[in-house]
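# Structural overview
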Amino acid sequence: MCESSNILFLMADQMQARVFDPENPCLTPNLDRLAARGVRFSRAYTSNAVCSPARASLMTGLLPHNHGVLYVTHTVDNDQGCLREDKPHWAQRLDSKNYRTGYFGKWHIERSFELDRFGWREFVCEGQKDLMNKYHLNKSEVLNNLIPELTYNLSNPGYRNNVHYGVSTAGIEKTYMYNATNLASDYLDKVMQDDSSPWCCFLSVIEPHDPFICTKEYFDKYNVDDIELPPNFYDELANRPGIYRKAARVFKDMTDYQKKQAIACYYATVSEIDSQFGRLIDKLEAAGQLDNTIIVVTTDHGELLGAHGLYCKNFSASEEIYNIPLIMAGPGIARGRVTTARVGLHDVCPTLLELTECEPIDGLDGLSFAKVLASPEENEEKFTTGFAEYSGARMHLTQRVTWKDNWKFVFNGYDIDELYNLADDPWEMNNLAENPDYENKLREMCEFMWHKISESGDHSLLNSDYPILRVAPFGPGIMQD
């Protein structure tokens, strides 16, 4: 730990963890270099499957039912999905310790866009007219220069047509990530001139969120024919919630080649992000501030990218959505390690506070994993469980996701549940929830879920004893002391 450590936080939107697997063809040289200097978490997970709740959990160290943002903020009325402002944020703790704080890019946590209320002293985000005007002008140019044979549009009866993926001849300077990175770069130029107090720079880009639109320059780095489709692309979704099969109909007309093109566009966008994040890492190195800066790379949630015949997120609790990239490097952090410690996005808040020796926040759902960063081999076995929650987006539903060792249980309040052995079934093709041979394991996972629900104060779900609401395989009464 080092109390004077700077922080560079690099955040993407909807990035799959698998892009950092060694065998994955996605090209990320800058972030691979960063991982070689730090710790990569292979089992990190999001607290929620959509942007706003996940981002609020990152900032507060709380699960969504405790910070109040249950849904994506722009899809509900102003009195719904509201951030509880009596909950401290980690940036406020940094600010109180004389950190200079700057936030640039996508916010999407609450509606005021007044980030100074949450500890960010300088900021440029989506609530500001000049930035958004520039973004929309650039977006129009990107869309107007799509290459037809490398573009796929979704067309479903009664719904508007929209681009699913595409390649544009407009350059990277027209992307959101490029312009947001410029803002962060300018901020670093300013704060690195004065070493009298530490700084925190947060860059949040909107890519590689769908539609998967990349530049021709980066698309050409990939050979579409060489891309292999994982086995769960052909999942018929038997013995899974019916809404998964309904959602899959949207993409049923895509050919295997189009699915490969979509992956290539997604990978190309991730490579573009890598180039922009690399600009800031290089700037730190040139300024001699790489060794005294904690660098964090993560995302809010993942992307299905064709897994189980689905794209985007929301419906499905698949690992492609919940398993997220997390790389951390810097002072007090081991070098060149990959850890299986299961840590959640809501654990980042207490971890950063411990690493910077800031005042902790009481009553968090998250748990610091600073010890894992310092010595992964000695401490990762203490981090084998995880818990996430989902309340829907636009269409409201109840879903809770729990991990314990190699087992994963998904409580679907609206349909059949899911149970997977991820060691034997990493692609989640064999749902064991209704297999009587696994009733004991199902009971064990239910008990763990109810403990997490109880410990975190999710009172509404904990008190679902009303007869018609008894839809979990086992009720909360199975909890053992």
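Our structure's up above, just so we're on the same page.
Residues numbered from 1 in each chain as written. Predicted model: local features only at pLDDT ≥ 70, side-chain atom pairs only at ≥ 80, totals over all residues. Heavy atoms only, no water.

## Quick word on the pattern of salt bridges
Side chains bearing opposite charge may pair, as long as their charged atoms lie close to each other. Defined as follows: Just to be clear on terms, a salt bridge is a Lys or Arg side-chain nitrogen sitting within 4 Å of an Asp or Glu carboxyl oxygen. Buried means the residue's accessible area, taken with a 1.4 Å probe over protein chains only, is under 20% of the maximum for its type, while exposed means over 50%, and partly exposed covers the values in between.
Summed over the entire model, instances satisfying the criterion amount to 25 salt bridges. Linking Lys 252 and Asp 253 is a salt bridge whose minimum nitrogen-to-oxygen distance equals 3.2 Å. Looking at Lys 252, the relative accessible area reads 59%, which means it is exposed. Asp 253 gets classed as exposed once you look at its relative accessible area, which sits at 55%. Connected through salt bridges with shared partners, the residues Asp 13, Arg 55, Lys 106 and Asp 300 form a single ionic network.

## Examining helix H14 (residues 439-455)
The criterion, for reference: Working definition: helices are DSSP H or I runs of at least four residues, strands are E runs of at least two. Numbering for both runs from the N terminus. The span expected for a helix works out to 1.5 Å for each residue beyond the first. Should any heavy atoms of two residues lie within 4.5 Å, those residues are counted as being in contact.
Under the 1.5 Å per step criterion, the end-to-end length of H14 is 24 Å for 17 residues, consistent within 8% with the ideal 24 Å. On the buried face of H14, the contacting elements are strand S12 (385-393), strand S13 (395-404), strand S14 (407-412), strand S15 (418-421) and helix H15 (459-462). Just downstream of H14 lies Gly 457, where phi reads positive at about 75 degrees.

## Comments concerning empty space enclosed by the protein
Our working definition: The rule is simple: put a 1 Å grid over the protein atoms alone, call a set of points where a 1.4 Å probe fits but cannot get out a cavity, call an open set with protein on both sides within 12 Å along at least five of seven lines a pocket, and count a residue as lining if it has an atom within 4 Å of a point. Grid points are joined across faces, edges and corners, and a volume is the space filled by probe spheres set on the points. When residues are grouped by polarity, Ala, Val, Leu, Ile, Met, Phe, Trp, Tyr, Cys and Pro land in nonpolar, Asp, Glu, Lys and Arg in charged, and all others, Gly among them, in polar.
Per the stated rule, a full pass over the model turns up two cavities of 30 Å³ or more. Computed from the structure, the largest cavity encloses a volume of approximately 50 Å³. Forming the boundary of the largest cavity are Leu 237, Arg 240, Tyr 244, His 308, Ser 316, Ala 317, Ser 318, Glu 418, Tyr 420 and Glu 428. Residue composition of the lining of the largest cavity, grouped by class: four nonpolar, three polar and three charged.

## Some details on helix H1 (residues 29-37)
To keep it simple, the criterion reads: In this context, the arc is that of the directions from the helix axis out to the C-beta atoms.
Of the positions making up H1, those classed as buried are Asn 30, Leu 31, Leu 34, Ala 35 and Arg 37. Summarising the axial view, the buried residues of H1 lie within an arc of 155 degrees, below the 170-degree limit, and thus occupy one face. Facing away from the buried surface of H1 by more than 90 degrees, the exposed residues are Pro 29 and Ala 36. Contacts from the buried residues of H1 go to strand S2 (38-41), helix H9 (256-286), strand S9 (293-299) and strand S10 (326-329).

## Considerations on the packing of H1 against H9
What counts is decided by this rule: Each axis is a line fitted through C-alpha atoms, taken for helices only over the stretch in contact, and angles between the N-to-C directions span 0 to 180 degrees. In this scheme, roughly parallel covers angles under 35 degrees and roughly antiparallel covers those over 145, while 65 to 115 is roughly perpendicular and the rest are oblique.
The N-to-C vectors of H1 and H9 enclose an angle of 50 degrees; their axes lie 8 Å apart at closest approach. Judged on the interaxial angle alone, H9 and H1 are oblique. Across the interface between the two elements, Pro 29, Asn 30, Leu 31, Arg 33 and Leu 34 from H1 touch Asp 274, Ser 275, Phe 277, Gly 278, Ile 281, Asp 282 and Glu 285 from H9. Looking at the contact of H1 with H9 residue by residue, the classes come out as five nonpolar, three polar and four charged.

## Section: a nonpolar patch on the surface
Operational definition: The patches reported here contain residues having more than 30% relative accessible area and no salt bridge. Joining distances are 9 Å for like charges and 5 Å for nonpolar side chains (Val, Leu, Ile, Met, Phe, Trp, Tyr). A 1.4 Å probe and the Shrake-Rupley method give the accessible areas. Residues count as covered only by the protein chains that appear here.
Judged by side-chain polarity, Tyr 466, Ile 468 and Leu 469 come together as a nonpolar surface patch covering roughly 380 Å² of accessible area. Its place among the elements puts Leu 469 in the segment after H15. Taking relative accessible area as the criterion, Leu 469 reaches 47% and is therefore assigned partly exposed.

## Observations concerning the side chain of His 89
Mapped onto the elements of the fold, His 89 is located in the loop between helix H3 (64-67) and helix H4 (90-96). When sequence neighbours within four positions are dropped, the list of residues in contact with His 89 reads Met 59, Thr 60, Leu 83, Phe 118 and Ile 361.

## Some remarks on the sheet that holds S14
Sheet strands pair by backbone hydrogen bonding; their relative direction is either parallel or antiparallel. The line we're drawing: Pairing between strands requires that DSSP locate at least two bridges from one strand to the other.
Here we have four strands laid out as an open sheet, ordered S12-S13-S14-S15, and antiparallel in their pairing. For this open sheet the edge positions go to S12 and S15, each flanked by a neighbour on one side alone. Between one strand and the next, the sheet's axes are offset by a mean angle of 10 degrees, whatever the strand orientation.

## Focus on the layout of surface pockets
A water-sized probe rolled over the atoms picks out the places where empty space is left. One number sums up the size of the second largest pocket: a volume of about 800 Å³. Lining the second largest pocket are 35 residues, with Arg 18, Asp 21, Glu 23, Asn 24 and Trp 427 sitting closest to its centre. Every element with two or more residues in the lining of the second largest pocket is listed here: S2, H9 and helix H10 (319-322). Across the lining of the second largest pocket, the residue classes tally to 20 nonpolar, six polar and nine charged.

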